[in-house]
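Structural characterization, general
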Amino acid sequence: MTLHIYQARLLHYLVSDEAINNGCNSSPYCLQLQQPLMPVNHGDTIAPEYIPKGALVIDDKSGVIIDYGASHEILDKYQNVEVHDYGDKLIMPGFIDTHVHYPQLDIIAAYGEQLLDWLNNYTFVAEVKYGNAEYSCAKAEFFLNQLFANGTTSAMVFATSHYCSANEFFKASSLLNSRMICGNVLMDQNAPNTLCVNAIQGIKDTQKLIDNWHNNGRQMVAITPRFAITSSPEQLKLAGKLYLQNNGVYLQTHLAENQDEIAAVNEMYPQYQGYLDVYDQMGLLGRKTTLAHGIYLNESEYQRLQQTGTQISHCPTSNLFLGSGLFDLPKTLSFTGVSIATDVGAETSLNLLSTLNEAYKIQQLQGNRLSAHQGLYQITLGNAQSLCLEDKIGNFAKGSEADFVVIDPKATPLLENRISQTSTLEEALFILMMLADDRVIEQTFIAGISRYRIKRHN
Ligand code: GUN
Ligand code: ZN
């Protein structure tokens, strides 16, 4: 056991049980919010805990959080432990991206199309290259480094339809000991031949990934049909069967993102009650299912999400970039758990703070608000809850995996000027959420090990 103490401002979020167990009500660091946060999943009460002079105790051998608290108490309790002092920087749990395509970093910021044309003209063209294992390996390493440079420490990731693209991703993530969820994309129609894998082979590939990688260290597998358009009914049914047979694996796909997409699905499946019903009848819904987007849903679809515990991943920048539409966050949250994600390459950044900036604007356009605490809770503990990982990642609870990020809220002259004029924490955090990009990410730790540190040119 090798302990380290990281000293700085600490900010994370607690759910009600922890809040009570930790004596949060009597803690000077648990903030009483004027408006309660909208909880995802469990109806829990969420409390921010902010410790202005805090310290985090990490064991870098086991990669877990041993303790946290006010710095003077921690330093008294743990003597002769190396202290890393980050002054007035902010340490938060690592961010969690619940929907992102690693091969699409190659086509991020591609001009001019909405979803279906964007897929055909840019995405599929890029994904063909991932049939080569060496190429996949190099790009997986690049992607993971880019995630860490943006403070993201865990993600649920689409590979491509090639087995090697997911296998190489897991190899790269496993070497870095990062907690990642990934799967080979199931597609057997309406895509270039080189990307289509027949229904049985695609499922066999996923089963092989499950056998080799699911819960192998910190790696986890998601069954990954791309969406209803690119899978035959046979493939979707087999995916549902696989989901049923492999307790604990995830399922990820896309739902109701774009009007032309929905029209195509309705035409392909006239006998079903709508887009969600296609997935429902194929056995794809459940608590471990995350559906990206869900912009256009009717009342019975919201209810079905609620009944099955199916989660929605909201991808604000992607929705704006592809001109898809405006997601109703409060409405969806009133039915089921929502996480917030980038959806790169349709989003123009891997940075979840800048994603929150766009999420805020999407809600503004609909007369809703997204506070800084709501947003920051969401990209840490909230996203962990949506993925059923809150006992492992998302806050500083003792025994949690030590994925954390050191943020410099005054990283740029503009941020410094603006933040130095604030008088409350909430105000400062909101400005951070609006103005931050990768320049605020000072350092990123994965399971207690530093995997990224910014290079400053003074
Ligand atoms: N729907 C099906 N595939 C995709 C994809 O790669 N990106 C997005 N944004 N939507 C999709
Ligand atoms: Zn996507």
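Presented here is an overview of the structure given in this document. (Residues numbered from 1 in each chain as written. Chains lettered and ligands numbered in written order. Predicted model: local features only at pLDDT ≥ 70, side-chain atom pairs only at ≥ 80, totals over all residues. Heavy atoms only, no water.)

**With respect to the overall build of the protein chain**
From N to C terminus, the protein chain includes 16 helices and 16 strands. A principal-axis box enclosing the C-alpha atoms of the protein chain has dimensions of 65 × 45 × 45 Å. The proportion of buried residues among the 458 residues of the protein chain is 61%. Intrachain contacts of the protein chain at a sequence separation of at least 6 include 77% that bridge at least 24 residues. When the accessible area of the protein chain is evaluated, it comes to approximately 17600 Å², of which 48% is carbon and sulfur surface. (Helix = DSSP H or I, 4+ residues; strand = E, 2+ residues; numbered from the N terminus. Buried < 20%, exposed > 50% of the residue type's maximum accessible area, 1.4 Å probe, protein only. Contact = heavy atoms within 4.5 Å. Areas by Shrake-Rupley, 256 points an atom, 1.4 Å probe, with all protein chains shown as cover.)

**Details of the coordination of the zinc ion (ligand 2)**
Within the protein, the atoms that donate to the zinc ion (ligand 2) are His99 (NE2), His101 (NE2), His254 (NE2) and Asp343 (OD), at distances of 2.0 to 2.2 Å. Between consecutive donor residues of the zinc ion (ligand 2), the sequence gaps follow H-x1-H-x152-H-x88-D. Residue histidine 101 is found in strand S5 (residues 95-101), and its partner histidine 254 is found in strand S10 (residues 250-255); the two are separated by 153 residues along the sequence. (Donors = N, O, S within 2.8 Å, 3.2 Å for Na, K, Ca; no water.)

**Considering the pairing of strand S3 (residues 64-70)**
Across the 7 residues that make up S3, a large majority, 5, are buried. Where strand S2 (residues 46-59) lies against S3, 6 bridges are found, and the strand directions are antiparallel. If you follow isoleucine 58 over to S3, its bridge partner there is isoleucine 65. Taking the residues between adjacent antiparallel strands as the criterion, S2 and S3 are bridged by 4 residues, where glycine 63 takes a positive phi near 75 degrees. (Pairing = 2+ DSSP bridges.)

**As for helix H6 (residues 199-213)**
Residues separated by three or four positions in an α-helix point in the same direction, a consequence of the helix having 3.6 residues per turn. Under the 1.5 Å per step criterion, the end-to-end length of H6 is 21 Å for 15 residues, consistent within 8% with the ideal 21 Å. Among all positions in H6, only Ala199, Gly202, Ile203, Asp205, Thr206, Leu209, Ile210 and Trp213 are buried. All buried residues of H6 project into a common sector of 155 degrees when viewed along the axis, lining one side. Exposed residues lying more than 90 degrees from the buried face of H6 are Lys204 and Asp211. Summarising the contacts, the buried residues of H6 are in contact with helix H5 (163-176), strand S7 (180-183), strand S8 (185-186), strand S9 (219-225) and helix H7 (233-245). Its side-chain oxygen placed 3.1 Å from the backbone nitrogen of isoleucine 200, asparagine 198 serves as the N-cap of H6. Just downstream of H6 lies asparagine 215, where phi reads positive at about 60 degrees. (Expected span 1.5 Å × (residues − 1). Arc of directions from axis to C-beta. Polar contact = N/O pair within 3.5 Å; in protein donor to acceptor, adjacent residues only side chain to side chain.)

**Focus on a nonpolar patch on the surface**
A surface patch of nonpolar side chains, amounting to about 280 Å² of accessible area, comprises Leu320, Leu326 and Leu365. Within the secondary structure layout, leucine 320 lies in helix H11 (residues 316-321). Overall, the relative accessible area of 37% leaves leucine 320 in the partly exposed class. (Patch = residues over 30% accessible without salt bridge, like charges linked within 9 Å, V, L, I, M, F, W, Y side chains within 5 Å. Salt bridge = Lys/Arg side-chain N within 4 Å of Asp/Glu carboxyl O.)

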